[in-house]
Amino acid sequence: MRPPSPSIPEKEFVYEALKQSLRLDGRNHLDTRTPTLDFGPELGWVECGYGKTRVIAYVEAKMTKPPPERPLEGIITMHSEISPMASVDYEPGRPSEEEVTITRMLDKILRRSDAIDKESLCVVAGQRVWHLRLTVHCLADAGNMLDCACLAGIVAFKHFRKPEVEVIGDEVIVHSALERSPVPLAIHHMPFCVTFAFFPDPSVRPVLDPSLLEQRLSTGQMSIALNAQREICVLQKAGGVPIAAEEILQLIDVAVTVAKDLDMFVEKRLREDWESRKIEIM
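Criteria and cut-off values
- Residues numbered from 1 in each chain as written.
- Predicted model: local features only at pLDDT ≥ 70, side-chain atom pairs only at ≥ 80, totals over all residues.
- Heavy atoms only, no water.
- Salt bridge = Lys/Arg side-chain N within 4 Å of Asp/Glu carboxyl O.
- Helix = DSSP H or I, 4+ residues; strand = E, 2+ residues; numbered from the N terminus.
- Buried < 20%, exposed > 50% of the residue type's maximum accessible area, 1.4 Å probe, protein only.
- Expected span 1.5 Å × (residues − 1).
- Contact = heavy atoms within 4.5 Å.
- Core = buried A, V, L, I, M, F, W, Y, C linked by side-chain atoms within 4.5 Å.
- Axes fitted to C-alpha atoms, helices over the stretch in contact; angles between N-to-C directions.
- Parallel < 35°, antiparallel > 145°, perpendicular 65-115°, else oblique.
- Left-handed = near helix turned anticlockwise from the far one by under 90°.
- Nonpolar A, V, L, I, M, F, W, Y, C, P; charged D, E, K, R; others polar.

The next point concerns the pattern of salt bridges. Oppositely charged side chains can pair when the atoms bearing their charge come close. Tallied over the full model, the rule gives 15 salt bridges. The partner of aspartate 253 in a salt bridge is arginine 230, with the nearest N and O atoms 3.4 Å apart. Of this pair, aspartate 253 sits in helix α5 (residues 245–276) while arginine 230 sits in the loop between β13 (220–226) and β14 (232–239), and the two are 23 residues apart along the sequence. Taking the relative accessible area as the measure of exposure, arginine 230 reaches 49% and is therefore partly exposed. One network of salt bridges, in which partners are shared, links Asp25, Arg27, Arg33 and Asp209.

Below, the structure written as structure tokens:
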């Protein structure tokens, strides 16, 4: 189902406001909505919010046999699903274009960028490795679901703990959390996605973290995935709006600042969550 186009008064009002560097929610053109992170009772379950955009991400792990071409590496797969309750624009059982885009971008940002050390997921070379599956459920679409899903995904991996494994001869023993403390994943870096929206009028400056209405009125978007160390993992531009190289470099500087703020925010929330948990080893 194609989303309805904004009305002409809506277009004129939003464009005129953006020309004056005003946005409907009171933000500046380079301001993001305040992110929120809530953790579930299980490790690896995260609910992330960007304004009214809500996403749930959780990580599952199981032991499996590795593919013969990569016997020393674990397996990481991504899956995203946009629920019909997120918006009337989405239909159940039929993947939308945005759903496919989110899954592909998550795969590029979190798996292909080697954010997680896949060799650390190997238990017995060629025989047993961990298979991690990240599932992202989009519950409410108020714009910019990609950034919200990416934040939820990397935090879910950071929050997750895999069971302790012991190898005795040919026997592989997986210890439960009651026997031994679960082990955190080996994460090389934490990439964050930052999205800008562009508009047909060149006098309108690009906006950071577009709302749903701004997203529909934009003629192009650019998503930059990078970490707090200024390392760019993915740069994707969707739409035919031409962008000068100088403007891209300026937006990358903005994205670096956002990534550093998100990195500190995530570390703070993870620390608060661990302090609130009571783990006992029998």
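On we go.
Moving on to helix α2 (residues 97–112). Given a rise of 1.5 Å per residue, 16 residues ought to cover 22 Å, and the 21 Å separating the end C-alpha atoms of α2 matches this to within 8%. All of the buried residues along α2 are Glu99, Ile102, Met105, Leu106, Asp107, Ile109 and Leu110. On its buried face, α2 is in contact with β4 (75–82), β6 (128–140), α3 (145–159), β11 (192–198), β13 and β14. Aspartate 114, located one to two residues past α2, shows a positive phi value of around 60°.

This part takes up the nonpolar core. Membership of the largest hydrophobic core comes to 63 residues, with the highest contact counts inside it found for Leu134, Val155 and Phe157. The residues touching valine 155, leaving out its near neighbours within four places in the chain, are Leu37, Phe39, Val46, Val266 and Leu270.

Time to look at the packing of α3 against α5. Relative orientation of the contacting elements α3 and α5 amounts to 40°, with a least axis distance of 11 Å. Here α3 lies oblique to α5, going by the angle between them. The handedness of the crossing between α3 and α5 is right-handed. Contacts between α3 and α5 involve Leu151, Val155, Lys158 and His159 from the former and Leu262, Val266, Glu267, Leu270, Asp273 and Trp274 from the latter. Class assignment of the residues belonging to the contact of α3 with α5 gives a composition of six nonpolar, one polar and three charged.

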